[in-house]
Amino acid sequence: MPSRLESITQQRLEKLQRLRDSGIDPYPHRYRRTHTVQQAVALFERTERAGRLPQRRLALAGRIAASRDMGKACFVDIRDGTGKIQVYFRLDVLGAQSYSLAKELDLGDIIGVKGHLFRTRSGELTLEAQELHMLAKSLQPLPEKWHGLVDVEKRYRQRYLDLISNPQSREVFHKRSQIIAAMRRFLHDQGFIEVETPVLQPAAGGAAAQPFITHHHALDQDLYLRIATELHLKRLIIGGFDKVYEIGRIFRNEGISTKHNPEFTTLESYQAYADYHDVMRMVETMVSAIAQEVLGTTQVSFGEVTIELAPPWPRKSLREEIEERCGLDFLAYEDPASLRRAMLEIGVEVEETASPSHLVDKLISSLVEPNLMQPTFLLDYPVEMSPLAKRTPYNPRLVERFEAFAAGMEIANAFTELNDPLEQRERFQMQERWRTQLGDQEAERVDEDFLLALEYGMPPTGGLGVGIDRLVMLLTGQQSIREVILFPQLKSKPPF
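A quick note: this is a predicted structure, and the numbers were derived from the prediction, not measured.

Participant: Give a description of the overall build of the protein chain that names residues and reports values.
Facilitator: In terms of regular secondary structure, the protein chain is built from 15 helices and 18 strands. Its C-alpha atoms put the protein chain at 90 × 60 × 50 Å along the principal axes. Out of the 496 residues belonging to the protein chain, those deemed buried represent 50%. Long-range pairs, those at least 24 residues apart, make up 65% of the contacts in the protein chain between residues at least 6 apart in sequence. For the protein chain, the exposed area adds up to about 24400 Å²; of that, 51% sits on carbon and sulfur atoms. In the protein chain, the 62 positive side-chain charges and the 70 negative ones have mean positions that sit 11 Å from each other.

Pasting the structure below:
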């Protein structure tokens, strides 16, 4: 016995055949719209305010989202990328053939309609159809019309159904596009130029992360999908560009969570003759400006918390913040083993072979990060955590680095960039020792080409990385990164 879904699909296949038998192409090559729904509504409202009745016949198109049969008349709602409008079909206006087509329509079908706009007695703006054209017959039923698509995994696997069924999801991705566009405008106004750097790289550097590996057959060489754009962007600073940025995909072979996806989008920017204080001011100004432009406010709701993005954001010492949260001063411990024992005593579990950078990172992620709901800069990190950052003048065990947090998650990371090629080599070599001795597969690798470039001289530079997916989460109030990535990574399985 066929399932309900199979029965519906079979009925639609039969309707498809009837269309073809009647000489109607259910998938025509083109259809010329005169207006989008949004444009049609705006046109009608302008003529209405002017006290005139609209005379122009409009051609609209969209997917059927709802239908109501009234015998010799019927209504459908169609939706395009800009909005939804009601369409009115009457037998005496359309004629028998087109009206019979109207009666055969299913939810999900894409149609074109031509006619005049009017308001119904209830005041709803409606197009009275004088022509009806089938543009694409839908063979699969849409999710239940009153509740939309609520199966979370199906929403991610079949994002097209999510976008068809859930206006809120479409709005999030519209906002994402607007946020990135506003970010570009801000940076261009600040004098930055946008550049592109390689995705396939002979050495994966610029971050503490495990890369994806691929193989280039013509070169007979293993290559890595980039884990950061940092080292190539710094080469451009060395080459004479003073302000550069890139918005692009990053790939890290790491876990998946509500805050992590193996491929994600970042902004990285580098500014010559600047330090991390300059970058801090730019970040708080940029984020608040984007929020004001896209949302019309610098206040956003995240769960039950209202977050204020207007500058200035608090600046806090990482060392003092960790000590305040758990009583540990990470600089008071001479070796990783003693710090690890102290962490175990306060209930923070870490692997026995964890490197010094992983130990402090665990303290941040466990005890500090979840409590930073309002935008906050944490300053001055251990040198072991930041092999590409310049040491602070007041303590050689710390570097000029900040991370920006909001809504309990990291949204930005920045350094005063290390530009001493000899010290940079020593830092890389220290990371290589951790890889060998502790099995730390996320440790930085020695990049000889970058070191050679650095030997030509890089000016004092402030560098920044912003997680765009997390910034979109913050500005749209989404609790999971999968809600702001159109096609998040999922374990493979058949879609049906």
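Alright, that's what it looks like, and here's the rest.
Participant: Lay out the environment of Glu349 with the relevant residues and their values.
Facilitator: Within the element layout of this structure, Glu349 appears in the loop between helix H11 (336-345) and helix H12 (356-368). A residue is classified by how much of its surface remains accessible, and Glu349, at 58% relative accessible area, is exposed.

Participant: I'd like to hear about helix H7 (residues 167-189), residue by residue, with values.
Facilitator: In a regular helix each residue adds 1.5 Å, so 23 residues correspond to 33 Å; H7 covers 33 Å between its end C-alpha atoms and thus fits that length. Of the positions making up H7, those classed as buried are Ser169, Arg170, Val172, Phe173, Lys175, Arg176, Ile179, Ile180, Ala182, Met183, Phe186 and Leu187. At the exit of H7 stands Gly191, carrying a positive phi of roughly 95 degrees.

Participant: Just give me the short version of unusual backbone geometry, but keep the residues and values in it.
Facilitator: Look at the link from Pro311 to Pro312: it is a cis peptide, with omega at 5 degrees. As for its position among the elements, Pro312 is in the loop between strand E13 (305-308) and strand E14 (315-317). At Asp380, a position not held by glycine, the phi torsion is positive, near 70 degrees. Among the secondary structure elements, Asp380 is positioned in strand E15 (residues 376-382). By relative accessible area, Asp380 is classed as buried at 9%. In the Ramachandran plot, Ala407 falls in the positive-phi region, its phi being about 55 degrees despite a non-glycine side chain. Tracing the sequence through the fold places Ala407 in the loop between strand E16 (398-406) and strand E17 (409-416).

Participant: Give me the lowdown on the sheet that holds strand E9 (residues 221-225), citing residues and values where you can.
Facilitator: Taken together, the 3 strands give an open sheet; going across it, the order is E7-E9-E8, and neighbouring strands pair in antiparallel fashion. Looking at strand neighbours, the two that pair on one side only are strand E7 (200-201) and strand E8 (213-216), the edges of this open sheet. Bridge count between E7 and E9: 2 bridges; the pairing is antiparallel. The residue bridging Leu200 from the neighbouring strand is Leu225, located in E9.

Participant: So what about the side chain of Glu483? Which residues, and what values?
Facilitator: Take Glu483: it is sitting in the segment after helix H15 (468-476). One polar contact links Glu483 to Arg155, side chain to side chain, over a distance of 2.7 Å. In this structure, Glu483 is in contact with Arg155, Tyr156, Arg159, Val172, Phe173 and Gln478, ignoring residues within four places of it in sequence.

Participant: Go over the packing of aromatic side chains, please, and point to the residues and values.
Facilitator: Inspection of the entire model under this criterion finds 4 aromatic pairs. When the centroid spacing of 5.0 Å and the interplanar angle of 75 degrees are considered together, the rings of Phe377 and Phe402 count as edge-to-face. Of this pair, Phe377 sits in strand E15 while Phe402 sits in strand E16, placing them 25 residues apart in sequence. Per residue, the accessibility class of Phe377 equals that of Phe402, and both read buried. A network of ring pairs unites the aromatic residues Phe75, Tyr88 and Phe118 as a single cluster.

Participant: Describe in detail the nonpolar core, supporting the description with residues and values.
Facilitator: Formed by 47 residues in total, the largest nonpolar core has its most connected members in Leu267, Phe402, Leu464 and Leu474. A per-element tally of this core places helix H9 (residues 276-295) first, with 10 residues. Beyond its immediate sequence surroundings of up to four residues, Leu267 is in contact with Met183, Leu187, Tyr245, Glu246, Ile247, Met286, Leu464, Gly465, Val466 and Ile468. If you look at the next biggest cluster of nonpolar residues, it comprises 42 residues, including Ala272, Val360, Phe450 and Met458.

Participant: Give me the lowdown on the packing of H7 against H15, citing residues and values where you can.
Facilitator: For the pair H7 and H15, interaxial distance at closest approach is 10 Å and the crossing angle is 120 degrees. The two elements H7 and H15 meet at a crossing, and its hand is right-handed. Along its contact with H7, which presents Val172, Lys175, Arg176, Ile179, Ile180 and Met183, the element H15 presents Ile468, Asp469, Leu471, Val472, Leu475 and Thr476. Broken down by class, the residue content of the contact of H7 with H15 amounts to 8 nonpolar, 1 polar and 3 charged.

Participant: Break down helix H2 (residues 37-49) for me, with residues and values.
Facilitator: With 13 residues, H2 extends 18 Å from end C-alpha to end C-alpha; this agrees with the ideal 18 Å at 1.5 Å per step. For H2, the complete set of buried residues consists of Val37, Ala40, Leu43, Phe44 and Thr47. Around the axis of H2, the buried residues are gathered within 130 degrees of arc, so they sit on the same side. Among the exposed residues of H2, those pointing more than 90 degrees away from its buried face are Gln38 and Arg49.

Participant: Break down the pairing of E16 for me, with residues and values.
Facilitator: In terms of residue burial, E16 counts as a mostly covered element, since 9 of its 9 residues are buried. Sheet topology note: the E15/E16 ladder contains 6 bridges and is antiparallel. Residue pairing in the sheet places Tyr381 in a bridge with Val399 of E16. In the sheet, E16 pairs with E17 via 6 bridges, with the strands oriented antiparallel. Looking across to E17, one finds that Glu403 is bridged to Asn413.

Thresholds, definitions, all that
- Residues numbered from 1 in each chain as written.
- Predicted model: local features only at pLDDT ≥ 70, side-chain atom pairs only at ≥ 80, totals over all residues.
- Heavy atoms only, no water.
- Helix = DSSP H or I, 4+ residues; strand = E, 2+ residues; numbered from the N terminus.
- Buried < 20%, exposed > 50% of the residue type's maximum accessible area, 1.4 Å probe, protein only.
- Contact = heavy atoms within 4.5 Å.
- Areas by Shrake-Rupley, 256 points an atom, 1.4 Å probe, with all protein chains shown as cover.
- Lys, Arg positive; Asp, Glu negative; His and termini not counted.
- Charge placed at Lys NZ, Arg CZ, Asp CG, Glu CD.
- Expected span 1.5 Å × (residues − 1).
- Pairing = 2+ DSSP bridges.
- Polar contact = N/O pair within 3.5 Å; in protein donor to acceptor, adjacent residues only side chain to side chain.
- Phe/Tyr/Trp six-rings, centres within 6.5 Å; stacked < 30°, edge-to-face > 60°.
- Core = buried A, V, L, I, M, F, W, Y, C linked by side-chain atoms within 4.5 Å.
- Axes fitted to C-alpha atoms, helices over the stretch in contact; angles between N-to-C directions.
- Left-handed = near helix turned anticlockwise from the far one by under 90°.
- Nonpolar A, V, L, I, M, F, W, Y, C, P; charged D, E, K, R; others polar.
- Arc of directions from axis to C-beta.

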